[in-house]
Amino acid sequence: VTPMIVAIDGPAGSGKSSVSRRVARALGFGYLDTGAAYRALAWHALQHEIDTSDSVAVLEVAGDFDLGIALDPDDQRVRVGAVDATEAIRTPDVSDAVSGVARVPAMRQAINAMFRTLVQDSGRRGVIVEGRDITTVVFPDAPARILLTAAPEVRAARRAAELSEHDAADIAASMQRRDASDSTVVDFLTAAPGVTIVDSTDLDLDATVEAVLAVVRATD
Ligand code: C5P
């Protein structure tokens, strides 16, 4: 059976991951964090000490990229080859390298094919798939498609609260760099036709989860 797909896109710090995880739990659905897959690939590239802005080199190291990711909202460990990279993929080095890796078109095509297979073979009733181009490229026909947004200063504050050991100004700057770079590859700041905008600027986590659940419920 093909799982019901709930596609959620949005910029860094929009609350996508926390919201998606909670929505998945509430519905008994699987959860795929596509950003984690891109981060794992960037980590893999850094391990090979390649220049992550060199698309030929990126495609080359992608040849032996073996990603292990469970579509389980309560098990978000990420394995690359034999290594548990769950923590490593969240470091600032990876955050700074990921955009370069993600901008290689052939890389995106390969990784999108992998996402579709993972979802199709998940054996789940439904899957929340979260990223930047899920509503537009990966699953444009998903019955529920949502763009999660929030004001830039709210997003920076949320990110800083998550990674409290780092300087808030550094985080805001790094996030802006990443969004600027990412937005040249995929437009995740405007909703495509048929995509519902959920603006979480003035909503707490519970209220945002409720707003997303309401969109999903409206599809049946
Ligand atoms: O969601 P997160 O911020 O962890 O994503 C990390 C990076 O992965 C993004 O900055 C972007 O470069 C890339 N990405 C992407 N397409 C997606 C998901 C993430 O290009 N669907």
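Residues numbered from 1 in each chain as written. Predicted model: local features only at pLDDT ≥ 70, side-chain atom pairs only at ≥ 80, totals over all residues. Heavy atoms only, no water.

1. Quick look at the UniProt feature "binding site: ATP" (unreviewed entry) in the protein
Sites flagged by UniProt as "binding site: ATP" (unreviewed entry) map to Gly 10, Pro 11, Ala 12, Gly 13, Ser 14, Gly 15, Lys 16, Ser 17 and Ser 18. Take Gly 15: it is sitting in the loop between strand 1 (4-9) and helix 1 (16-27). If we ignore the near neighbours within four places in the chain, the residues touching Gly 15 are Leu 148 and Arg 158. Note that Ser 17 resides in helix 1. (UniProt positions renumbered as here; feature names shortened; annotations may be inferred. Helix = DSSP H or I, 4+ residues; strand = E, 2+ residues; numbered from the N terminus. Contact = heavy atoms within 4.5 Å.)

2. Quick word on the packing of helix 4 (residues 92-102) against helix 8 (residues 168-183)
As a packed pair, helix 4 and helix 8 sit with axes 9 Å apart at the nearest point and diverge in direction by 10°. Relative to helix 8, the element helix 4 lies roughly parallel. Across the interface between the two elements, Ser 95, Asp 96, Val 98 and Ser 99 from helix 4 touch Ser 174, Arg 177, Arg 178, Ser 181 and Asp 182 from helix 8. Here the contact of helix 4 with helix 8 is composed, by residue class, of one nonpolar, four polar and four charged. (Axes fitted to C-alpha atoms, helices over the stretch in contact; angles between N-to-C directions. Parallel < 35°, antiparallel > 145°, perpendicular 65-115°, else oblique. Nonpolar A, V, L, I, M, F, W, Y, C, P; charged D, E, K, R; others polar.)

3. Some details on the sheet that holds strand 4 (residues 78-80)
Each strand in a sheet pairs with another by means of backbone hydrogen bonds, the pair being arranged parallel or else antiparallel. What the three strands build is an open sheet, ordered 3-4-5; its pairing is antiparallel. The strands lining the two open edges of the sheet, one partner per strand, are strand 3 (67-69) and strand 5 (83-84). Of the pairings in the sheet, the one linking strand 3 to strand 4 comprises three bridges and is antiparallel in character. Each bridged residue has a counterpart across the sheet, and for Ile 69 the counterpart in strand 4 is Val 78. Strands strand 3, strand 4 and strand 5 of the sheet are contacted by helix 2 (residues 34-47), whose axis makes an angle of about 35° with strand 4. (Pairing = 2+ DSSP bridges.)

4. Some points on unusual backbone geometry
At Glu 49, a position not held by glycine, the phi torsion is positive, near 55°. Within the fold, Glu 49 resides in the loop between helix 2 and helix 3 (55-62).

5. A look at the nonpolar core
Ranked by internal contacts, the top residues of the largest apolar core, which has 39 residues, are Leu 32, Val 119, Val 129 and Phe 139. Considering each element in turn, this core owes the most residues, eight residues, to helix 2. When residues no more than four places from it in sequence are discounted, the contact partners of Phe 139 are Ile 5, Ala 7, Phe 115, Arg 116, Val 119, Val 129, Ile 134 and Arg 145. Judged by nonpolar contacts, the second largest core, of 17 residues, contains Val 6, Ile 128, Ile 146 and Val 209. (Core = buried A, V, L, I, M, F, W, Y, C linked by side-chain atoms within 4.5 Å. Buried < 20%, exposed > 50% of the residue type's maximum accessible area, 1.4 Å probe, protein only.)

6. Re the packing of aromatic side chains
Scanning all chains against the criterion turns up one aromatic pair. Here Tyr 38 and Phe 115 contribute two aromatic rings whose centre-to-centre distance is 6.2 Å and whose plane-to-plane angle is 65°, an arrangement assigned as edge-to-face. Placement of Tyr 38 in helix 2 and of Phe 115 in helix 5 (residues 105-120) is noted, with a sequence separation of 77 residues between them. Comparing Tyr 38 with Phe 115, the two get one shared label, buried. When the ring centre of Phe 188 is taken as reference, the NZ or CZ atom of Arg 132 above it lies at 5.5 Å. (Phe/Tyr/Trp six-rings, centres within 6.5 Å; stacked < 30°, edge-to-face > 60°. Lys NZ or Arg CZ within 6 Å of the ring centre and 35° of its normal.)

7. Quick look at the pattern of salt bridges
For the structure on display, the rule yields ten salt bridges. Of the charged contacts in the structure, one is a salt bridge between Arg 79 and Asp 66, with a shortest N-O distance of 3.3 Å. In this pair, Arg 79 is assigned in strand 4 and Asp 66 in the loop between helix 3 and strand 3, connecting sequence segments 13 residues apart. A salt bridge links Arg 77 to Asp 75; the shortest N-O distance between them is 3.1 Å. Overall, the relative accessible area of 52% leaves Arg 77 in the exposed class. (Salt bridge = Lys/Arg side-chain N within 4 Å of Asp/Glu carboxyl O.)

8. Thoughts on the sheet that holds strand 8 (residues 196-199)
Within the open sheet, the five strands sit side by side as 2-6-1-7-8. Their pairing is parallel. Bordering the open sheet on either side are strand 2 (30-33) and strand 8, each of which pairs with just one other strand. Adjacent strand axes in the sheet meet at a mean angle of 20° when their direction is disregarded. Pairing of strand 1 with strand 6 (residues 126-131), which is carried by six bridges, proceeds in the parallel orientation. Bridge pairing links Val 6 to Ile 128 in strand 6. Helix 1 rests against strand 1, strand 2, strand 6 and strand 7 (144-149) of the sheet, and its axis sits at about 175° to strand 6. Its contacts with the sheet place helix 2 against strand 2 and strand 6, and it is angled at close to 40° to strand 2.

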